[in-house]
Amino acid sequence: MEQPNATVIAFNLSSSGLLPYPYWNYKTVIPVVVLSLCCILGVPGNIGVILLKPNWIHLSSLSQILMLNLAISDMLCLLTLPLWIYSLLYGWSFSLVACKLLAYLVYCGIWGSQLTMTALSIQRYLTVVRQRRFSQMQKRVLLVLLWMAAAILSIPVLVVRQLSTDQRWTVCGSQYLSETQGVIVLLAETLFDFFSFCLIAFLYIRLLRKFCCVSTIHLHDNSTFFLMPR
């Protein structure tokens, strides 16, 4: 299929040593705008969280570590966004290794964020409901296991990410050996996301019930105190 004139012009200018014109249409404008907003708002916000640590005094040391880890995981994704925005406008002009490596970093950040949120929910449940405390060694082991899991879960992207060229427009995207393989990968990711969501929801419901129970007991004790004859 013949490429739009804007694309042809872009590559002609690129071959002549000039900066190519970006290719604009509704398929690129919306992702570029969304990714740009995420980068503009997310990078300063996460840097502020990492440096300033707002309202962290009341949190436990493990909660602080997990919150910091969550900000780092987000930064891992956000710092790659300028390159993805550029590729949407001008096509992928980097190597296959860069395509696989950047995609791998993005997935590591995504899995890291999801696993950190799950670990944070479990930690809060164990601390509040079960009155569990964690040693320094356990905290280090948790972080190591968390990032190991994120790195392992991101390995498939190194296999499926390939460069595809339509005329002169190169794209860094996922290419599966068959439609069945793509469905299996998508189903596995969806099931993992669903399981994480259900687990987090279950734990926070238990936390809410704990808080409600404690509040009811505290209110009952106060009422009994004021009703006692003096």
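Residues numbered from 1 in each chain as written. Predicted model: local features only at pLDDT ≥ 70, side-chain atom pairs only at ≥ 80, totals over all residues. Heavy atoms only, no water.

(A) Quick look at the overall build of the chain. Along its length, the chain carries eight helices and two strands. Its helices and strands taken in sequence order, the chain reads α-α-α-α-α-α-α-β-β-α from the N to the C terminus. For the chain, the proportion of its 230 residues judged to be buried stands at 31%. The long-range share in the chain, meaning contacts at least 24 apart out of those at least 6 apart in sequence, stands at 73%. Accessible surface computed for the chain: about 14900 Å², of which carbon and sulfur atoms make up 72%. (Helix = DSSP H or I, 4+ residues; strand = E, 2+ residues; numbered from the N terminus. Buried < 20%, exposed > 50% of the residue type's maximum accessible area, 1.4 Å probe, protein only. Contact = heavy atoms within 4.5 Å. Areas by Shrake-Rupley, 256 points an atom, 1.4 Å probe, with all protein chains shown as cover.)

(B) The state of the cysteines, seen in detail. Taken as a whole, this structure holds one disulfide when the rule is applied. The disulfide that involves Cys99 links it to Cys172, with 1.8 Å between the sulfurs. Sign of the S-S torsion, about 80° for the bond between Cys99 and Cys172, identifies this disulfide as right-handed. Linking Cys99 in helix 5 (residues 96-128) with Cys172 in strand 2 (residues 169-174), this pair joins segments that are 73 residues apart in sequence. For Cys99, a relative accessible area of 0% translates into the label buried. (Disulfide = S-S within 2.5 Å.)

(C) Representation of the environment of Ala151. Tracing the backbone through its elements, the reader meets Ala151 in helix 6 (residues 136-153). The class for Ala151 is partly exposed, based on a relative accessible area of 25%. Non-local contacts of Ala151, meaning those with residues more than four positions away in its chain, are made with Tyr104 and Cys108.

(D) Spotlight on helix 4 (residues 81-90). Among all positions in helix 4, only Leu81, Trp84, Ile85, Ser87, Leu89 and Tyr90 are buried. Looking at the residues trailing helix 4, positive phi occurs at Gly91, about 85°.

(E) Representation of the UniProt feature "transmembrane region" (unreviewed entry) in the chain. The UniProt record annotates "transmembrane region" (unreviewed entry) at residues 29-52, 64-89, 101-120, 141-163 and 183-205. Summarising residues 29-52: 100% helix, 0% strand, and an end-to-end C-alpha distance of 34 Å. Within the segment residues 101-120, helix and strand shares are 100% and 0% respectively, and the terminal C-alpha atoms sit 28 Å apart. (UniProt positions renumbered as here; feature names shortened; annotations may be inferred.)

(F) Structural detail: the side chain of Lys100. Along the polypeptide, Lys100 turns up in helix 5. No salt bridge is formed by the buried Lys100. Its closest oppositely charged neighbour is Glu189, at 14 Å. Ignoring anything within four residues of it in the chain, the contact list for Lys100 reads Leu158, Val159, Arg161 and Gln162. (Lys, Arg positive; Asp, Glu negative; His and termini not counted. Salt bridge = Lys/Arg side-chain N within 4 Å of Asp/Glu carboxyl O.)

(G) Representation of the packing of aromatic side chains in the model. According to the stated counting rule, one finds five aromatic pairs in the structure shown. Taken together, a centroid distance of 6.2 Å and an interplanar angle of 50° make the contact between Tyr86 and Phe94 tilted. Looking at Phe94, the relative accessible area reads 33%, which means it is partly exposed. Seen in terms of ring centroids, Trp111 and Phe192 are 4.9 Å apart; in terms of plane orientation they differ by 85°. Their pairing is edge-to-face. Here Phe192 lies in helix 8 (residues 179-227) and Trp111 lies in helix 5, a separation of 81 residues in the sequence. (Phe/Tyr/Trp six-rings, centres within 6.5 Å; stacked < 30°, edge-to-face > 60°.)

(H) Examining the nonpolar core more closely. Counting residues in hydrophobic clusters, the biggest one holds 11 residues: Cys77, Trp84, Trp92, Cys99, Leu102, Ala103, Tyr104, Val106, Cys108, Val157 and Cys172. By residue number, the principal contributor to this core is helix 5, which donates six residues. Ignoring anything within four residues of it in the chain, the contact list for Cys77 reads Val106, Gly109 and Ile110. Counting eight residues, the second largest nonpolar core, distinct from the first, contains Leu62, Trp111, Leu146 and Ala150. (Core = buried A, V, L, I, M, F, W, Y, C linked by side-chain atoms within 4.5 Å.)

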